[in-house]
Amino acid sequence: MVRVVVEKSLAGPITEALRRVRRTSGVSLAFAGVVRDGSAVTLAHFVGRTSGVLDGLSVEAGHGLGGKVLRLNRPLAVDDYLKTPHITHRYNPAISAEGLRAVAAVPAIVDGRVVAVLYGGLHCENPVGNRLFDTLVGEARTLEQQVAVSRALIEADAGAGPDVDMLRDRMSQAYTRLRLLARTVDDAALADEIARITDVLLDEPALRVPVAVTLTPREQDVLALAALGYSNARIGGELGVSAETVKGYMKAAMGKLEAGTRLEAVVLARRAGLLPG
């Protein structure tokens, strides 16, 4: 059940990641697949120019570029997919029909296992540059954090059910956006009203686990964004601060909550009623 819920929760983040890959790197097609049972990558997410021939293709471990990435657990790239001697060519007909030549693939790895593979492809034979490679790696790291957060929160409340988990995710997003909005308005009364609304989204006091912890507003903001699976860089972008500053806030919050990891900090903050859950 945990695996199924996590897979469903990846659909939106993967599409957003692919949009950023295409916008940032300029590739003609960004695509991805989720790994099931560690044996194959099923391609199902596409952003850019595509004929649709790759949709639903199951790439087996060890075969093609994605299959080799799945087997080796590391990023790889080829400047001409159809001619390179470094991969098997089981999927050449599909790649040829799609018109792809230069392709890079990067795994998203959680607990030592590949959970998804992100691709960037060009409809021409060009060297895969550092810009594309770095962009794919960065987005894969973000996905890893999102999957890890989803698993931690689901396992922390085992038995709640997928409907409750989806509702919690929506509440977390609404709570975070309202907190950020409150910081942008000049009307004090409106800001106070927004703050009251965010308080309503937190657990009832009777349901909270008593914890003698007081987080600063910025520390709460950082944890709220981390609960959505955002990386430090993306949290910094949302809050208008550097990634190093975000690390400082996160370290302080983890210390107050006596958490060993950021994921544990999110779970403890939720249980203490400091985040919606």
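Parameters at a glance
- Residues numbered from 1 in each chain as written.
- Predicted model: local features only at pLDDT ≥ 70, side-chain atom pairs only at ≥ 80, totals over all residues.
- Heavy atoms only, no water.
- Buried < 20%, exposed > 50% of the residue type's maximum accessible area, 1.4 Å probe, protein only.
- Helix = DSSP H or I, 4+ residues; strand = E, 2+ residues; numbered from the N terminus.
- Pairing = 2+ DSSP bridges.
- Core = buried A, V, L, I, M, F, W, Y, C linked by side-chain atoms within 4.5 Å.
- Contact = heavy atoms within 4.5 Å.
- Phe/Tyr/Trp six-rings, centres within 6.5 Å; stacked < 30°, edge-to-face > 60°.
- Axes fitted to C-alpha atoms, helices over the stretch in contact; angles between N-to-C directions.
- Parallel < 35°, antiparallel > 145°, perpendicular 65-115°, else oblique.
- Left-handed = near helix turned anticlockwise from the far one by under 90°.
- Salt bridge = Lys/Arg side-chain N within 4 Å of Asp/Glu carboxyl O.

**Q** Mind laying out the pairing of strand E1 (residues 29–36), listing which residues take part and the relevant values?
**A** Most of E1 sits out of view: seven of its eight residues are buried. Summarising the sheet, E1 and strand E2 (residues 40–48) pair through eight bridges and their orientation is antiparallel. Bridged to Ala 30 within E2 is Val 47. Pairing of E1 with strand E6 (residues 113–122), which is carried by six bridges, proceeds in the antiparallel orientation. If you follow Ala 30 over to E6, its bridge partner there is Gly 120.

**Q** Before we move on, could you go through the nonpolar core and cite the residues and values that matter?
**A** A general feature of soluble globular proteins is that nonpolar side chains tend to end up buried together. Counting residues in each nonpolar core, the largest one holds 25 residues, and the members touching the most others are Leu 223, Ile 235, Leu 257, Leu 274 and Leu 275. Going through the elements one at a time, helix H7 (217–226), helix H8 (232–239), helix H9 (243–257) and helix H10 (262–271) are the ones with two or more residues in this core. In contact with Leu 257, not counting residues within four places along its chain, are Val 213, Leu 223, Ala 265, Leu 268, Ala 269 and Leu 274.

**Q** Summarise the environment of Thr 176; cite the residues concerned and give the values.
**A** Within the secondary structure, Thr 176 is located in helix H5 (residues 162–182). Taking relative accessible area as the criterion, Thr 176 reaches 3% and is therefore assigned buried. Separated by 44 residues in the primary sequence, Thr 176 and Gln 220 have C-alpha atoms spaced 9.2 Å apart. In this structure, Thr 176 is in contact with Ala 224, Leu 225 and Leu 228, ignoring residues within four places of it in sequence.

**Q** Account for the packing of aromatic side chains, naming residues and giving values.
**A** Applying the stated criterion to the full structure yields two aromatic pairs. Considering the side-chain rings of Phe 31 and Phe 46, the 5.9 Å spacing of their centres and the 10° angle between planes classify their relative orientation as stacked. With a gap of 15 residues between them, Phe 31 in strand E1 and Phe 46 in strand E2 connect regions that are remote in the sequence. You can call Phe 46 partly exposed: its relative accessible area is 22%. Aromatic side chains Phe 31 and Tyr 119 sit 4.4 Å apart centroid to centroid with 5° between the ring planes, which places their arrangement in the stacked category. A residue pair is termed long-range when its members are at least 10 positions apart, and Phe 31 in strand E1 and Tyr 119 in strand E6 qualify at 88 residues. The pair Phe 31 / Tyr 119 is uniform in exposure class, with both members buried. Members of the aromatic cluster, each reached through a chain of ring pairs, are Phe 31, Phe 46 and Tyr 119.

**Q** Tell me about the packing of H9 against H10, residues and numbers included.
**A** To describe two helices that pack against each other, one gives the angle between their axes and the distance between the axes. Look at H9 against H10: their axes get within 9 Å of each other, and the N-to-C directions meet at 60°. By the angle class used here, H9 and H10 are oblique. By crossing handedness, the relation of H9 to H10 is classed as left-handed. Residues Met 250, Met 254 and Leu 257 of H9 form the contact with H10, whose participating residues are Arg 262, Ala 265, Leu 268 and Ala 269.

**Q** How would you explain the pattern of salt bridges if you had to name every residue and give the values?
**A** In the structure shown here, the tally under the stated rule is eight salt bridges. Across the salt bridge formed by Arg 234 and Glu 16, the nearest N and O atoms sit 3.7 Å from each other. Here the residue Arg 234 occupies a position in helix H8, and Glu 16 occupies one in helix H1 (residues 2–25), the gap between them amounting to 218 residues. The exposure class of Glu 16 is partly exposed, given its relative accessible area of 36%.

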